[in-house]
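# Commentary on secondary and tertiary structure
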Amino acid sequence: MGDRHRGVRAGHKALLPLRARKAVGSRVHRWISRQDPEAGGEGITMTTQGETRVSADALRAVVTDIFTRCEMNRPDAALLADSLVAADLTAVHSHGILRVSEYVKKLTTGGVNPRGRPFIAKDSGACLVVDGDNTMGQIGAHFSMGEAIARARTTGIAAVAVRGSNHCGAMAYYVIKAMRAGMIGLATTNALPTMAPWGGAERLLGINPLGIAVPAGEEPPIVYDAAWSGGAHGKIRVYQQKGLPLPEGWALDKDGAPTTDPAAAITGLLMPIGGFKGTGMAMLMGILSSMLSGAAYGTELGSMEHGPAPGKDGHFFAAIHIAAFEELDRFTARVDGVIRQLHAAKRAPGVEHIYAPGEKEHITRQAYERDGIPLDNVTLDALSHVASALDVSIAGVS
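Heads up: these notes are all about the structure in this document. Counting restarts for each chain, with residues numbered from 1 along the sequence as it is written. Per-residue local features are limited, in this predicted model, to residues with pLDDT of at least 70; the limit for side-chain atom pairs, both in listing and counting, is 80 or more; totals at the level of whole chains, interfaces and linings are taken over all residues. Hydrogens are left out, water is left out, and the side-chain values use all remaining heavy atoms of the structure.

### Focus: the overall build of the protein
When you go through the protein residue by residue, the secondary structure sums to 12 helices and 14 strands. A burial count over the protein gives 55% of its 398 residues as buried. Sequence separation of at least 24 residues holds for 70% of the intrachain contacts in the protein that already meet a minimum separation of 6. For every accessible area listed, the method is Shrake-Rupley and the probe measures 1.4 Å; residues are considered covered only by the protein chains on display. If you sum the accessible surface of the protein, you get close to 17000 Å²; carbon and sulfur atoms cover 54% of it. Where helices and strands are cited, they refer to DSSP runs of H or I of at least four residues and of E of at least two residues respectively, numbered from the N terminus. Categorising residues by exposure relies on relative accessible area from a 1.4 Å probe, with only protein chains included: less than 20% of the type maximum marks a residue as buried, more than 50% marks it as exposed, and the intermediate range marks it as partly exposed. Here a residue-residue contact requires only that any non-hydrogen atoms of the pair lie within 4.5 Å.

### With respect to the side chain of Asp-88
Positionally, Asp-88 belongs in helix H3 (residues 74-89). Buried charge without a salt bridge: Asp-88, with Lys-242 as the nearest opposite-charge side chain at an N-O distance of 9.4 Å. Of the polar contacts made by the side chain of Asp-88, one reaches the backbone nitrogen of Ile-97; its length is 2.8 Å. Setting aside residues up to four positions removed in sequence, Asp-88 forms contacts with His-93, Gly-96, Ile-97, Tyr-368, Ile-373 and Leu-375. Charge assignment in this entry is limited to Lys and Arg as positive and Asp and Glu as negative, and neither His nor the chain termini are counted. Note on definitions: salt bridges are taken to be side-chain nitrogens of Lys or Arg within 4 Å of carboxyl oxygens of Asp or Glu. For this analysis, a polar contact is any N or O atom pair within 3.5 Å, provided that within protein one partner can donate a hydrogen and the other can accept it, and provided that sequence-adjacent residues contribute only side-chain to side-chain pairs.

### Structural notes on the packing of H3 against helix H5 (residues 137-155)
An axis is simply a line fitted to the C-alpha atoms; with a helix, the fit covers only the stretch in contact. Between two such axes, the angle follows the N-to-C directions and lies from 0 to 180 degrees. Look at H3 against H5: their axes get within 9 Å of each other, and the N-to-C directions meet at 90°. Accordingly, the angle class assigned to the pair H3 and H5 is roughly perpendicular. Within the contact between the two elements, H3 uses Asp-76, Leu-79, Leu-80, Ser-83 and Leu-84 and H5 uses Gln-138, Ile-139 and His-142. For the contact of H3 with H5, the per-class residue count stands at 4 nonpolar, 3 polar and 1 charged. We call two directions roughly parallel when the angle between them is under 35 degrees, roughly antiparallel when it is over 145, roughly perpendicular when it lies between 65 and 115, and oblique otherwise. Under the convention adopted here, Pro, Cys and the residues Ala, Val, Leu, Ile, Met, Phe, Trp and Tyr are nonpolar, Asp, Glu, Lys and Arg are charged, and Gly plus all remaining residues are polar.

### Focus: the packing of aromatic side chains
Stacked, tilted and edge-to-face pairs are distinguished by plane angle, under 30 degrees for stacked and over 60 for edge-to-face with tilted covering the rest, among Phe, Tyr and Trp rings (Trp via its six-membered ring) whose centres lie within 6.5 Å. If you walk through the whole model with that rule in mind, you get 4 aromatic pairs. Here Tyr-173 and Tyr-174 contribute two aromatic rings whose centre-to-centre distance is 5.5 Å and whose plane-to-plane angle is 90°, an arrangement assigned as edge-to-face. Note on accessibility: Tyr-173 and Tyr-174 belong to one class, buried. Ring-pair connections join several aromatic residues into one group, and the members of that group are Tyr-173, Tyr-174 and Phe-317.

### Topic: the sheet that holds strand E5 (residues 183-189)
When DSSP finds two or more bridges between a pair of strands, those strands are recorded as paired. Judged by pairing direction, the sheet is mixed, and its 7 strands sit side by side in the order E2-E3-E4-E13-E5-E6-E7 without closing on themselves. The two strands at the open ends of the sheet, each matched to only one other strand, are strand E2 (119-123) and strand E7 (222-226). Neighbour to neighbour, the strand axes of the sheet diverge by 15° on average, direction disregarded. The sheet contact formed by E5 and strand E6 (residues 210-214) spans 4 bridges and is antiparallel. The residue of E6 that forms the bridge with Gly-185 is Ala-213. Strands E2, strand E3 (127-131), strand E4 (157-165), E5 and strand E13 (313-321) of the sheet are contacted by H5, whose axis makes an angle of about 160° with E4.

### Topic: the sheet that holds strand E9 (residues 258-259)
Strand order across the open sheet formed by 3 strands is E9-E8-E10, with antiparallel pairing between neighbours. Bordering the open sheet on either side are E9 and strand E10 (269-270), each of which pairs with just one other strand. Relative to E10, strand E8 (residues 251-252) is paired through 2 bridges, and the arrangement is antiparallel. Bridging from a neighbouring strand, Leu-252 pairs with Leu-269 of E10.

### Some details on the nonpolar core
The nonpolar side chains of soluble globular proteins are, as a tendency, buried together. Among the nonpolar cores identified, the biggest contains 58 residues, and Ile-66, Phe-67, Ile-97 and Val-100 are the most heavily contacted of them. Take this core: its biggest share by element is 8 residues, from H3. In terms of nonpolar packing, the next biggest core, distinct from the first, is built from 17 residues, Trp-228, Leu-270, Ala-282 and Met-285 among them. For the purposes of this section, nonpolar cores are sets of buried Ala, Val, Leu, Ile, Met, Phe, Trp, Tyr and Cys residues that join through side-chain atoms within 4.5 Å.

### Comments concerning H3
In a helix, the anticipated span is given by 1.5 Å times the number of residues less one. Under the 1.5 Å per step criterion, the end-to-end length of H3 is 22 Å for 16 residues, consistent within 8% with the ideal 22 Å. Among the residues of H3, Asp-76, Ala-77, Leu-79, Leu-80, Ala-81, Ser-83, Leu-84, Val-85, Ala-86, Ala-87, Asp-88 and Leu-89 are the ones counted as buried. Turning to H3, the residues buried within the fold contact helix H2 (56-69), helix H4 (100-108), H5, helix H6 (172-180), helix H11 (359-371) and strand E14 (373-376). Where H3 begins, one side-chain oxygen reaches toward the backbone nitrogen of Asp-76, 2.9 Å away; that side chain belongs to Asn-73. With its phi angle positive at about 65°, Ala-91 sits one or two positions after the end of H3.

Have a look at this one:
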């Protein structure tokens, strides 16, 4: 269809009965396994050359229908779909619809509760413990950041530790929620052990990302979201899909030797960013995400070979109400000044622009909302396969 992006049309269907959902989950798992030798873990890892542009709104509708057919209620399915499409809109495809097959497996045969309802397990005013009720991580995470924002309006700062959860996607999705409320948002989560500690040669640490969002005035907000490895496991899969070598310093093979081969990295080890500094930060984020709520830490979560134990993940969210400290307009004007100072810095040879955290993603989102999201055809083929298994109609995507 040339440069025009393609629409996707979804057909609404009733919920699948339990036996049918389990059969679908088994089919999806077998299909994933044929693509990925470590598919007890996560995702699809074929290679391709082509891309197709897809409308964000239409993609949300299809993915919402897929998750609804897995017995999620429609608002939760829509939230889960929106979290994935939001990542794709900023070119963070490692946390986008590449995850749909994995999530369908979790919901149908992986032990996750599609109808779970997060609840407050302990209330200490500005500090809460939330139990995710073994629902999809995005549902508990969204609920928890909402609680942190609501409490921070009264207490100035509020924090929520989460247990009983599952993979919750990109941290940016939650900290932006706080930023839009005129607050500084902070989010972190534990993750399956895929990373060796600095100097080690075994999977011991999760990459345990940190997200922080800070509102600005006239400039795009500062949004930082990064793991403590050179690249997340999902990002390595994107490199493999595109047939590209990894940047040096991202991964080790299973014997502990440096590698730029995505396939060797998937069966091997991720490396901490900044050496011992990345190791330390990953440990600290894991402690925040697990030990305040009683969630699992590190190897207690499961493994890439055998998959995560359902309902064991933990997260940590905090909201800082800026107006409790400083006038919001003055604060955002000063943030604008910091960003402009960065832009005006002397540039190294060959550098055209110095970007603030989240600025590239802001620009990318504007372009993708206008022109459609360019998605790897392997990702779209995987989506098509899952949609077919669930009897959800997709039109206009090859």
